[in-house]
Amino acid sequence: MSLARTLTTLAAVGTCISAHAQVGNNSGVLNPDLATEAELSAVPHLDSRLVGAIIEQRPFADMSEVDSLLSSLSETQRDETYVKLFLPINLNSASRAEILLIPDVNERMAHEFEEYRPYTSLEQFRREIGKYVDVAEVARLEQYVFVPLDLNSATGEAFLTIPGVGARITVSSRSTSA
């Protein structure tokens, strides 16, 4: 497989989050760009009008766009919705307001997210944020974020963190770049 074909495959795999990003382990948080109509309908506070609007307006550039779309919900309702529906945010470029959309993140924790920029890996995020919260909370927070990868310098191990990328693609990309 040529390097160009490998990169095209990687871009297709990560279409709705980032063509090349490490995403957190997900245990039930739906991505509004990827969720089906049935999945969206099961999310708290999403009526058929909001479900239709989400489907019609995707893909979303960032979580702030989703938040604007759901502005008819109360803040409490949006907080409850974001536990189940969230567009992962780029740890290196998300605004403070966007970070604060993550359920149960306060100003202090948002500051900690920003303090360690630029993030080069999710492992760095786990290590730095793990200074302030336990492992379970880091795992919960990880569901809402991603770290962009540099395609020219990322390791095969880092590529394996991209959803849908397997060992075959990483071996192929190493052999074409050598």
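Definitions and limits used
Residues numbered from 1 in each chain as written. Predicted model: local features only at pLDDT ≥ 70, side-chain atom pairs only at ≥ 80, totals over all residues. Heavy atoms only, no water. Helix = DSSP H or I, 4+ residues; strand = E, 2+ residues; numbered from the N terminus. Polar contact = N/O pair within 3.5 Å; in protein donor to acceptor, adjacent residues only side chain to side chain. Contact = heavy atoms within 4.5 Å. Patch = residues over 30% accessible without salt bridge, like charges linked within 9 Å, V, L, I, M, F, W, Y side chains within 5 Å. Areas by Shrake-Rupley, 256 points an atom, 1.4 Å probe, with all protein chains shown as cover. Salt bridge = Lys/Arg side-chain N within 4 Å of Asp/Glu carboxyl O. Lys, Arg positive; Asp, Glu negative; His and termini not counted. Charge placed at Lys NZ, Arg CZ, Asp CG, Glu CD. Buried < 20%, exposed > 50% of the residue type's maximum accessible area, 1.4 Å probe, protein only. Core = buried A, V, L, I, M, F, W, Y, C linked by side-chain atoms within 4.5 Å.

A.B. asks: Would you explain unusual backbone geometry in this entry?
C.D. replies: It is generally the case that most residues other than glycine have a negative phi and that most peptide bonds are trans. Along the chain, Arg58 connects to Pro59 via a cis peptide bond; the corresponding omega equals 10°. For Pro59, the position within the fold is in the loop between α3 (48–57) and α4 (63–69). The amide bond that connects Arg117 to the next residue, Pro118, takes the cis arrangement and shows omega of 0°. Take Pro118: it is sitting in the loop between α7 (107–115) and α8 (122–129).

A.B. asks: What's the story with the side chain of Arg140 in this structure? I'm lost.
C.D. replies: Residue placement: Arg140 occurs in helix α9 (residues 135–142). Polar contacts involving the side chain of Arg140 include one to the main-chain carbonyl oxygen of Pro103, which spans 2.8 Å. Beyond its immediate chain neighbours, meaning those up to four positions away, Arg140 contacts Pro103 and Asp104.

A.B. asks: For this particular structure, what's the right way to read a negative patch on the surface?
C.D. replies: The grouping of Glu75, Asp79, Glu80 and Asp104 at the surface amounts to a negative patch. For Asp79, the location among the structural elements is in helix α5 (residues 75–82).

A.B. asks: In this structure, what is going on with the environment of Ser72? I would like to understand it.
C.D. replies: Position of Ser72 among the secondary structure elements: in the loop between α4 and α5. For Ser72 and Leu50, which are 22 residues apart along the polypeptide, the C-alpha to C-alpha distance reads 9.3 Å. In this structure the side chain of Ser72 is engaged in a polar contact, spanning 3.3 Å, whose partner is the side chain of Arg49.

A.B. asks: I'm lost on the pattern of salt bridges in this one. Help?
C.D. replies: What the rule picks out here adds up to seven salt bridges. A salt bridge links Arg78 to Asp67, with the nearest nitrogen and oxygen atoms 3.0 Å apart. One end of the pair, Arg78, is in helix α5; the other, Asp67, is in helix α4, with eleven residues separating them in the sequence. Across the pair, Asp67 and Arg78 agree in class, each one buried. One network of salt bridges, in which partners are shared, links Arg96, Glu107 and Glu114.

A.B. asks: What should I look at first to understand the environment of Arg58 in this one?
C.D. replies: Positionally, Arg58 belongs in the loop between α3 and α4. A relative accessible area of 24% means that Arg58 is categorised as partly exposed. Taking the C-alpha atoms as reference, Arg58 lies 7.7 Å from Pro32; in sequence the two are 26 residues apart. If sequence neighbours within four positions are ignored, Arg58 has contacts with Pro32, Asp33, Leu34, Ala35 and Leu40. Among the polar contacts listed, one links the side chain of Arg58 to the backbone oxygen of Pro32, at a separation of 2.9 Å.

A.B. asks: Would you explain the nonpolar core in this entry?
C.D. replies: Inside soluble globular proteins, nonpolar side chains tend to come together where they are buried. Ranked by size, the top nonpolar core spans 39 residues in total, and within it Leu46, Phe86, Ile102, Phe113, Phe125 and Val145 carry the most contacts. Only α3, α4, α7, α8, α9 and β3 (145–148) provide two or more residues apiece to this core. With residues up to four places along the chain from it excluded, the contact list for Leu46 reads Leu40, Ser41, Val51, Ile54, Leu70, Thr81 and Leu85.

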